[in-house]
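So you can see what is in the structure, the chains are spelled out below.
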Amino acid sequence: MFDDLRDLYQEVIFDHNRNPRNFRIIEDADRKVEGFNPLCGDRLTLYLKMAGNVITDASFQGSGCAISTASVSLMTEIVKGKTEQEADTLFKQFHEMTTGKDEHFNLEAVGKLAVLAGVREYPARVKCATLAWHTLDAALKNQQEAISTE
Amino acid sequence: MTFDVEKIRQDFPILKEKIRGKDLVYLDNAATCQKPQSVIDSIVHVYSHDYANVHRGVHTLSVRSTDKFEGARTKVKDFINAASDKEIIFVKGATEAINLVAQTFGKANIKAGDEIVITAMEHHSNIVPWQMLCEQTGAILKVAPINQAGELIFAEFEQLLNDKTRLVSVVHMSNALGTINPVKAIIEVAHAKNIPVLLDGAQAIPHIQVDVQALDCDFYVFSGHKLYGPTGTGVLYGKQALLEAMPPYQGGGDMIRKVTFTETEYNTLPYKFEAGTPNIADVIGLGAAIDYINSIGMDVIAAHEADLLHYATEKAQAIKGLRIIGEAEEKGAILSFVLDKIHPHDIGTMLDSLGIAIRAGHHCAMPVMDFYNVPATARASFGLYNTRQEIDVLMNGIESLIEVFG
């Protein structure tokens, strides 16, 4: 019945929505930033544990739609073990994948994040996918104040 | 009058649109209604045959344009049974109408320590203008609570009224819950304490026959686009004596009688509140929308919509994991709901792929979302052209997406 939506709602997304990874609080987090999408009410808190410039642990709390939950869940998995520079590169690539003009974007560069490439066909849903990454961007820049997608 | 919904649907060209290859099922009427051909034609006709600036013109087109524009005012007056054309102020929407009252009546009559009473089910447009006024004046905003069904707790509302209350501003019908407030009783208890009442009729106007004199409300506001009319049109009704006593809203052309550099004499009602060239063609389109509704009859429309709401509610209640938000005894054609573990935005996107337009979000009523402890709801809202078959399509879609989400 929802054949048209297969690019947007891939099975991986349903899986992460049902069982979000790293859905917990890091009590002694080095970075903690809140992200908010006022359009739909999605809220998340991102926690990072750092060793020098390496992200040793990442987790989140909050509630949102399947796209935003899957996006933040996948993100916390992928950034673990990455340096700040590597995470920043991923942020830029993810941004390009979901909002960029390049139709031949190399999906291999972003690994399993590629399951979220479908949102670019749904402008109303792009912010659901990018909220997590904008929150990460703020955490990498060591901003304390909550960020908003608006 | 008999009601033939299939015939009605022929009047709305957009209903023939295909959305993602499917028949459009338009259930977002609480956000805005689609337009009948007669409204679209009326705007084309004005610009093609009758258009010039209104008022003061001596040439033929200006006279024609003025006649049609003022004719629309009379249609609005008759539609809500106001006592006089002078009580009908054209604005761009219900939001502007409330802001107008806040910044004129409010500034003139509401001082530090005074109180304004609203309810917990208000749209942001009946919250924020008062908060702004309170910030400017030091007045206090009081909020009457609602119960779990989404009904005003009348006794608690009544207790909020005291000798400091300067205005009661309440929604006639809630956009997020569908609740129809007991406005007659609200006005009676407020008037017993000499407190004027503003009714936000943005949602009520296409569903409920409004008689401002029978209600005895002091202000009534609504938007044209929710009444099958054009966007950018709205109405502020105010009792003449109140409007006469209020200072003007914006300064400019049309709202003056005489201007020198030392002083200005303001125009009479309703022009005192209509500075600048008004939205001529769209107001004439609003008049055409009222003609269209009158040709069907508000009572017939209300009965059809009550049937749709009843049908949709029964079907929704049978879906496991669906929770209806807003179960007031008195309710208009709005079905707000949440699904267990499925976010409203996912519901909205999935239904859109089936051609179904609903709204997902906070519906500009964040305090209502907080009250029910949900980030958002999905909302199906019905209009005169909707059918039971469309509700079947909606409910099948909801059941399918619950299955897909697992």
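What counts and what doesn't
- Residues numbered from 1 in each chain as written.
- Chains lettered and ligands numbered in written order.
- Predicted model: local features only at pLDDT ≥ 70, side-chain atom pairs only at ≥ 80, totals over all residues.
- Contact = placed C-beta atoms within 7 Å.
- Nonpolar A, V, L, I, M, F, W, Y, C, P; charged D, E, K, R; others polar.
- Pairing = 2+ DSSP bridges.
- Helix = DSSP H or I, 4+ residues; strand = E, 2+ residues; numbered from the N terminus.
- Axes fitted to C-alpha atoms, helices over the stretch in contact; angles between N-to-C directions.
- Expected span 1.5 Å × (residues − 1).
- Buried ≥ 20, exposed ≤ 12 C-beta atoms within 10 Å, placed from the backbone.
- Arc of directions from axis to C-beta.

Caption draft 1: Spatial organisation of the interface of chain A and chain B. Listed as interface residues are 16 residues of chain A and, on the opposing side, 16 residues of chain B. Counted by class, the side of chain A that touches chain B contains 10 nonpolar, three polar and three charged residues.

Caption draft 2: Structural detail: the sheet that holds strand 3 (residues 54-63) of chain A. All names here are of chain A. Pairing within the open sheet is mixed, and its four strands lie in the order 3-2-1-4. What marks the edges here is a single partner per strand, and that holds for strand 3 and strand 4 (147-148). Sheet topology places strand 1 (residues 31-37) next to strand 4; two bridges connect them, and they run parallel. Bridging across to strand 4, Gly35 finds its partner in Ile147. Strand contacts of helix 2 (residues 66-79): strand 2 (42-51) and strand 3, with the helix running at about 165° to strand 3, the strand carrying the most contacts. Packed on one face of the sheet, helix 4 (residues 126-140) meets strand 1, strand 2 and strand 4 and runs near 150° to strand 1.

Caption draft 3: Molecular detail of helix 3 (residues 60-80) of chain B. All names here are of chain B. In a regular helix each residue adds 1.5 Å, so 21 residues correspond to 30 Å; helix 3 covers 31 Å between its end C-alpha atoms and thus fits that length. Turning to helix 3, its buried residues are Ser65, Lys68, Phe69, Ala72, Arg73, Val76, Phe79 and Ile80. Along the long axis of helix 3, the arc covered by the buried residues comes to 140°, so they all point the same way. Opposite the packed face of helix 3, turned more than 90 degrees from it, sit the exposed residues Thr60 and Gly71. Buried residues along helix 3 sit in contact with helix 2 (37-50), strand 4 (88-91), helix 8 (212-215), strand 9 (219-223), strand 10 (234-238) and helix 10 (280-296). Among the residues trailing helix 3, Asn81 stands out with phi positive, at a value near 55°.

Caption draft 4: Structural context of helix 7 (residues 183-192) of chain B. Residues and elements named next belong to chain B. Taken as a whole, helix 7 has its buried residues at Val183, Ile186, Ile187 and Ala190. When helix 7 is viewed along its axis, its buried side chains cluster within an angular range of 95° and face the same direction. The outward face of helix 7, more than 90 degrees from its buried face, is lined by the exposed residues Lys184 and Ala192. Packed against the buried residues of helix 7 are strand 7 (165-171), strand 8 (197-200) and helix 8. After helix 7 finishes, the residue Asn194 shows a positive phi value of roughly 60°.

The values reported here are purely geometric and, on their own, carry no functional implication.
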